[in-house]
Amino acid sequence: MIKYITIDDEMASHKIIKEYASNLPYLSHQASCYNAFEAIEYLNNNRVDLLFLDINMPKLSGFDFLKTLSDPPRVIVTTAHKEFALEGYELNIDDYLLKPFSYQRFIIAITKVYDTLKQLKNIDTASIFLKDDKKHHQVKLTSILFVEAYGNYVKIILNDKTIITHQTLSSIEELLPVNEFIKVHKSFIIAKNKIVLIEGNLIHINQYKIPIGRTYKSSVHKIL
């Protein structure tokens, strides 16, 4: 089920989106917000999967509102202004619907979001097995902060513990999805979504500081 809210100062827009969405049983309408401040208040107390977001709203624009969110849901922009499309995609929106948009175009946008959320859900449940002495640990990929070469061993730093395994860093790298993990140093592989801060040649993940190798700087810059 995809929980969504609409954020638009025009009542007609809420009505059209709700009508279109009613034909798709996996969409669940949660709230109608008529300005960004209503949306902020709602999201402070509720979690949703998708925002239908207008841009041109009083006091706080849709994009300015979006910039206030540290961990935004998926976003489909609904607007009459085509000139803001590039800025929207720079903010990592999923799609940009120009009003008035057809039901067919609405379906295309929803399908993009559905596929993205499905892929993220698969990542959440994906796991690998790591050998530690005579034990085999099943480790969820989402619990890995980073992996570090440790002499003839490899340390896997998790949210709540560390596993040391007698494997090579390259063999662990082969197990990790390239869209979620990146090698930033000859001795370190990190989870992209665990990065808190990049400062100079250091990546901050929780209390850890991971160095960026000279030959890996270009790969790190692609994240930015």
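Residues numbered from 1 in each chain as written. Predicted model: local features only at pLDDT ≥ 70, side-chain atom pairs only at ≥ 80, totals over all residues. Heavy atoms only, no water.

Secondary-structure assignment places glutamate 41 in helix H2 (residues 36-45). A relative accessible area of 55% means that glutamate 41 is categorised as exposed. Counting along the chain gives 157 residues from glutamate 41 to isoleucine 198, while the straight-line C-alpha distance between them is 30 Å. (Helix = DSSP H or I, 4+ residues; strand = E, 2+ residues; numbered from the N terminus. Buried < 20%, exposed > 50% of the residue type's maximum accessible area, 1.4 Å probe, protein only.)

Here the focus is the nonpolar core. In terms of nonpolar packing, the biggest core is built from 22 residues, with Ile5, Ile7, Leu51 and Phe65 touching the most fellow members. Every element with two or more residues in this core is listed here: strand E1 (2-7), strand E2 (27-33), H2, strand E3 (50-53), helix H3 (62-67) and strand E4 (74-79). Sort the elements by how many residues they give to this core and H2 lands first, with four residues. Once residues within four sequence positions are removed from consideration, isoleucine 5 is found in contact with Gln30, Ala31, Cys33, Tyr42, Leu43, Val48, Leu50, Leu51 and Phe52. (Core = buried A, V, L, I, M, F, W, Y, C linked by side-chain atoms within 4.5 Å. Contact = heavy atoms within 4.5 Å.)

It is worth spelling out the packing of aromatic side chains at this point. Summed over all chains, the structure comprises nine aromatic pairs. Measuring from ring centre to ring centre gives 6.1 Å for tyrosine 20 and phenylalanine 101, while their planes differ by 65°; the resulting arrangement is edge-to-face. In this pair, tyrosine 20 sits in helix H1 (residues 11-21) while phenylalanine 101 sits in the loop between strand E5 (95-98) and helix H5 (103-125), placing the two residues 81 residues apart along the sequence. Look at tyrosine 20 and you get buried, because its relative accessible area is 17%. Relative accessible area serves as the criterion here: at 11%, phenylalanine 101 is assigned to the buried category. (Phe/Tyr/Trp six-rings, centres within 6.5 Å; stacked < 30°, edge-to-face > 60°.)

With that settled, consider the pattern of salt bridges. Throughout the structure, instances matching the rule amount to nine salt bridges. Of the charged contacts in the structure, one is a salt bridge between arginine 47 and aspartate 71, with a shortest N-O distance of 3.6 Å. Taken as a pair, arginine 47 in the loop between H2 and E3 and aspartate 71 in the loop between H3 and E4 lie far apart in primary sequence, 24 residues in all. With respect to class, arginine 47 is no different from aspartate 71; both count as exposed. Here aspartate 95 makes a salt bridge to arginine 105, at a shortest N to O gap of 2.7 Å. Of this pair, aspartate 95 sits in strand E5 while arginine 105 sits in helix H5, and the two are ten residues apart along the sequence. The class of arginine 105 is partly exposed, set by a relative accessible area of 27%. Look at the salt bridges and you will find they share partners, linking Asp8, Glu10, Asp54 and Lys99 into a network. (Salt bridge = Lys/Arg side-chain N within 4 Å of Asp/Glu carboxyl O.)

This next bit is on the pairing of strand E6 (residues 127-132). As defined by bridge partners, E6 adjoins strand E7 (residues 135-140) across six bridges and the pair is classed as antiparallel. Looking across to E7, one finds that serine 127 is bridged to lysine 140. Here E6 folds back onto E7 in antiparallel fashion, the turn holding two residues, of which aspartate 133 has a positive phi close to 60°. (Pairing = 2+ DSSP bridges.)

On to the layout of surface pockets, then. Put simply, the largest pocket is a space of about 1,600 Å³. Every residue lining the largest pocket is counted, 37 residues in all, and those nearest its centre are Asp71, Pro72, Pro73, Arg74 and Leu120. Every element with two or more residues in the lining of the largest pocket is listed here: E4 and H5. A per-class count over the lining of the largest pocket returns 18 nonpolar, eight polar and eleven charged. (1 Å grid on protein atoms, 1.4 Å probe; cavity = no way out; pocket = protein on both sides within 12 Å on 5 of 7 lines; lining within 4 Å. Points joined across faces, edges and corners; volume = space filled by probe spheres on them. Nonpolar A, V, L, I, M, F, W, Y, C, P; charged D, E, K, R; others polar.)

Another aspect to go through is the pairing of strand E15 (residues 208-211). Where strand E14 (residues 202-205) meets E15, four bridges bridge the pair, whose relative direction is antiparallel. Looking at E15, one finds that isoleucine 203 is bridged to isoleucine 210. From the end of E14 to the start of E15, which pair antiparallel, there are two residues, and asparagine 206 there has a positive phi angle of about 50°.

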